[in-house]
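Here are the chains, one letter per residue:
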Amino acid sequence: MAGLGGKSIILRLEMNLQETTFGKVASRIGELGGDIVAIDVIQAGREVSVRDVTVTVGDSLQIERITEAMRNLQGVKLINVSDRTFLLHLGGKIETRPKTPIQNRDDLSRVYTPDVARVCLAIKDEPRKAFTLTIKRNTVAVVSDGSAVLGLGNIGPEAAMPVMEGKAMLFKQFADVDAFPICLNTQDTDEIVRTVKAIAPAFGGINLEDISSPRCFEIEERLRRELDIPVFHDDQHGTAVVLFAGLLNALRLVGKPLSQVRAVVCGIGAAGVACSKILLAGGIGELIGVDREGILHRGRRYANEMWNWYAAHTNPRGVTGGLREAVEGADVFIGLSAGGLLKREHVAAMADRPIVFAMANPTPEIAPEEIEDLAAVIATGRSDYPNQINNVLCFPGIFRAALDCRSSQITEEMKLAASRAIASTVSDGELNEHYIIPSVFHSQVVARIREEVVAAAISSGVARRIPREFR
Ligand SMILES: NC(=O)c1ccc[n+]([C@@H]2O[C@H](COP(=O)([O-])OP(=O)(O)OC[C@H]3O[C@@H](n4cnc5c(N)ncnc54)[C@H](O)[C@@H]3O)[C@@H](O)[C@H]2O)c1
Ligand SMILES: O=C(O)C[C@H](O)C(=O)O
Ligand SMILES: [Mg+2]
């Protein structure tokens with residue numbers, strides 16, 4: 001499996017052409033499992049040649065083996081090894097850019113003082129004008145406290161920044177939304193709510209990201225109540241929207257109706273709770289939740305209030321035990337916990353033609369290649385396997401829609417509309433076990449989500465502007 005270490009590296013090699021050839025170097029790299037994807041000639045002498053060789057490898061161990069082999073190869077000097085992923089992060093991944101140049105004093109006095117003051121006063125007189133005269137109309141804050149970053153846990157606000165910068169890139173590339181990564185140096189619920197409210201005037205929406213449960217539920221709920229712009233905890237609702245779309249299509253493929261399906265959700269945190277709620281709302285046959293304390297059931301009282309709610313609304317047969325007992329006879333496994341938790345034996349104990357969505361990032365609950373022969377459909381959260389169930393399919397489009405109709409919130413109807421839109425991009429003819437969900441690069445996904453979600457916002461009465469094509 002291309003695990004957390006799956007990456008590409010650039011080896012700068014100096015070759016003494018009297019003693020070796022590039023062919024020898026290339027075959028040694030190949031023998032050790034490296035895939036050469038690019039070669040750049042840096043210096044081409046008669047005796048000495050320097051080349052940058054870009055190699056993709058499966059894991060960190062392979063990097064060590066290849067670099068060691070290059071150091072020991074006769075006639076080769078390893079000058080440098082660079083990791084392309086780190087190179088791409090040098091200086092961060094995004095920047096701000098003015099829309100118009102400031103070329104003379106006249107420009108200066110219009111974008112800045114004194115003329116800008118007239119625009120300020122117009123907004124003071126009519127605050128709604130912030131949507132037309134500032135970046136608010138197209139801007140989303142991606143807010144994290146660094147407490148549940150991917151499946152890496154509480155790694156803090158600075159370490160969370162690369163993910164939030166990445167989310168901002170995705171917002172821009174896929175939906176032309178200008179998003180700002182904002183990582184807070186607090187994990188206190190009241191302080192987060194206060195801070196987000198204080199920065200809200202600049203934004204048309206708030207995308208909460210990687211805030212651990214159960215705090216994330218209260219933070220989102222309070223901000224939704226207290227702000228007049230959409231607040232959307234992506235790990236909850238973005239994930240739920242995409243999961244539901246993927247599951248509807250996977251069930252279409254295996255021919256099992258949702259109302260007769262038994263599903264297990266492993267990891268009853270932010271994403272697990274939201275995915276469970278959408279499944280319950282959609283009418284799933286039976287749902288069982290498993291977390292660190294085993295199967296959640298009514299016979300126990302949990303310190304986590306959300307788990308008490310969960311136990312009361314799921315597991316009608318009162319099953320107890322751990323993951324092994326939960327998956328017995330289940331049709332669907334949904335992992336939103338941590339890497340490597342699901343074993344082959346677990347999948348073997350599931351019902352006929354099981355569906356496995358191992359969505360923990362960056363390492364799924366089980367590697368797809370371990371269960372290819374057992375599962376009818378396998379999906380992960382990653383882009384390097386087929387069937388990527390990842391909230392990136394949802395958040396750009398749903399915020400594009402919310403901003404375009406100046407929605408005050410993102411309602412349940414809007415989320416279901418987004419799920420339907422995503423699912424509908426896979427036609428009956430295209431649907432197969434490796435294609436239950438469109439790629440994030442599918443050219444129609446954002447447009448379809450926008451269309452359905454704006455319509456749903458209008459019909460739920462939360463749209464404050466009707467885009468021309470909907471009038
Ligand atoms: N594919 C996607 O789009 C997507 C979206 C959101 C989250 N995720 C992934 O899902 C996971 C959870 O994210 P979250 O935001 O809900 O985090 P979270 O911290 O809110 O929830 C994680 C839950 O998993 C449980 N858990 C962890 N280790 C466990 C174990 N060994 N056994 C049983 N339960 C265990 C935790 O107790 C917690 O309740 C992460 O790996 C994240 O990357 C994927
Ligand atoms: O960031 C991702 O790839 C998806 C999700 O938001 C996660 O936290 O794992
Ligand atoms: Mg996340």
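What you are looking at is a predicted structure, and each value in this text was computed from that prediction instead of being measured.

1. Considerations on the site of ligand 2
Argument step 1. Every residue lining ligand 2 is accounted for by Leu150, Lys167, Glu209, Asp210, Asp235, Asn361, Asn390 and Asn391.
Argument step 2. Lysine 167 is positioned with one of its side-chain polar atoms (N or O) 2.9 Å from an oxygen atom of ligand 2.
Argument step 3. In this structure, an oxygen atom belonging to ligand 2 sits 3.0 Å away from a side-chain N or O atom of aspartate 235.
Argument step 4. Of the residues assigned to the shell around ligand 2, the class counts are one nonpolar, three polar and four charged.

2. Remarks on the site of ligand 1
Argument step 1. The environment of ligand 1 is formed by 24 residues, the closest being Thr239, Ala270, Ala271, Asp291 and Ile389.
Argument step 2. Contact between ligand 1 and serine 213: an oxygen atom at 3.0 Å from a side-chain N or O atom of the residue.
Argument step 3. In isolation ligand 1 has 850 Å² of accessible area, and contact with the protein removes 86% of it.
Argument step 4. At the level of secondary structure, the elements contributing two or more residues to the shell around ligand 1 comprise helix H10 (234-254) and helix H11 (270-282).
Argument step 5. Residues of the shell around ligand 1, tallied by class, amount to 11 nonpolar, 10 polar and three charged.
Argument step 6. Two domains each donate at least three residues to the shell around ligand 1, and these are domain 2 (119-229) and domain 3 (237-387).

3. Describing the side chain of asparagine 304
Argument step 1. Of note, asparagine 304 is situated in the loop between strand E11 (294-295) and helix H12 (305-313).
Argument step 2. We classify asparagine 304 as buried; its relative accessible area is 15%.

4. Focus on the coordination of the magnesium ion (ligand 3)
Argument step 1. Coordination of the magnesium ion (ligand 3) by the protein comes from Glu209 (OE), Asp210 (OD) and Asp235 (OD), over a distance range of 2.1 Å.
Argument step 2. In the primary structure, the donors to the magnesium ion (ligand 3) are separated according to the pattern E-D-x24-D. With glutamate 209 in the loop between strand E7 (205-208) and helix H9 (215-226) and aspartate 235 in helix H10, this residue pair connects regions lying 26 residues apart in the sequence.
Argument step 3. With relative accessibility at 1%, the residue glutamate 209 sits in the buried group.
Argument step 4. Overall, the relative accessible area of 14% leaves aspartate 235 in the buried class.

5. Considerations on the packing of aromatic side chains
Argument step 1. The full count for this structure, using the stated rule, is six aromatic pairs.
Argument step 2. An angle of 75 degrees between the planes, with centres 5.6 Å apart, marks the rings of phenylalanine 171 and phenylalanine 399 as edge-to-face. Here phenylalanine 171, found in helix H7 (residues 157-175), pairs with phenylalanine 399, found in helix H16 (residues 395-404); they are 228 residues apart in sequence, far enough to count as distant. Accessibility classification places phenylalanine 171 together with phenylalanine 399 in one group, the buried group.

6. Re the sheet that holds strand E12 (residues 332-335)
Argument step 1. What the six strands build is an open sheet, ordered E11-E10-E9-E12-E13-E14; its pairing is mixed. A single partner strand is all that each edge strand has here, and the edge strands are E11 and strand E14 (377-380).
Argument step 2. Strand contacts of H10: E12, strand E13 (355-358) and E14, with the helix running at about 160 degrees to E13, the strand carrying the most contacts.

7. A few points about the packing of H11 against H12
Argument step 1. Following both chains from N to C, one finds H11 and H12 inclined at 25 degrees, their axes separated by 12 Å at the closest point. Here H11 is positioned roughly parallel relative to H12, judged by the angle of their axes. Regarding H11 and H12, the two cross each other, and that crossing is left-handed. Contact with H11, carried on its side by Val273, Ser276, Lys277 and Leu280, involves Met306, Trp309, Tyr310 and His313 of H12 and no other residues of that element.

8. Remarks on the UniProt feature "domain: Malic enzyme N-terminal" (unreviewed entry) in the chain
Argument step 1. The residues that UniProt annotates with the feature "domain: Malic enzyme N-terminal" (unreviewed entry) are residues 91-224.
Argument step 2. Helix makes up 46% of residues 91-224 and strand 12%, and the two end C-alpha atoms of the span are 34 Å apart.

9. Digging into the layout of surface pockets
Argument step 1. Taken as a whole, the second largest pocket spans an internal volume of roughly 850 Å³.
Argument step 2. Along its surface, the second largest pocket is lined by 24 residues, and Thr96, Arg97, Lys99, Ile135 and Asp178 are the ones closest to its centre.
Argument step 3. Contributions of two or more residues to the lining of the second largest pocket are made by helix H6 (130-133), H7 and strand E6 (178-183).

Analysis parameters
- Residues numbered from 1 in each chain as written.
- Chains lettered and ligands numbered in written order.
- Predicted model: local features only at pLDDT ≥ 70, side-chain atom pairs only at ≥ 80, totals over all residues.
- Heavy atoms only, no water.
- Near = heavy atom within 4 Å.
- Polar contact = N/O pair within 3.5 Å; in protein donor to acceptor, adjacent residues only side chain to side chain.
- Nonpolar A, V, L, I, M, F, W, Y, C, P; charged D, E, K, R; others polar.
- Areas by Shrake-Rupley, 256 points an atom, 1.4 Å probe, with all protein chains shown as cover.
- Helix = DSSP H or I, 4+ residues; strand = E, 2+ residues; numbered from the N terminus.
- Domains from an automatic or database assignment.
- Buried < 20%, exposed > 50% of the residue type's maximum accessible area, 1.4 Å probe, protein only.
- Donors = N, O, S within 2.8 Å, 3.2 Å for Na, K, Ca; no water.
- Phe/Tyr/Trp six-rings, centres within 6.5 Å; stacked < 30°, edge-to-face > 60°.
- Pairing = 2+ DSSP bridges.
- Contact = heavy atoms within 4.5 Å.
- Axes fitted to C-alpha atoms, helices over the stretch in contact; angles between N-to-C directions.
- Parallel < 35°, antiparallel > 145°, perpendicular 65-115°, else oblique.
- Left-handed = near helix turned anticlockwise from the far one by under 90°.
- UniProt positions renumbered as here; feature names shortened; annotations may be inferred.
- 1 Å grid on protein atoms, 1.4 Å probe; cavity = no way out; pocket = protein on both sides within 12 Å on 5 of 7 lines; lining within 4 Å.
- Points joined across faces, edges and corners; volume = space filled by probe spheres on them.

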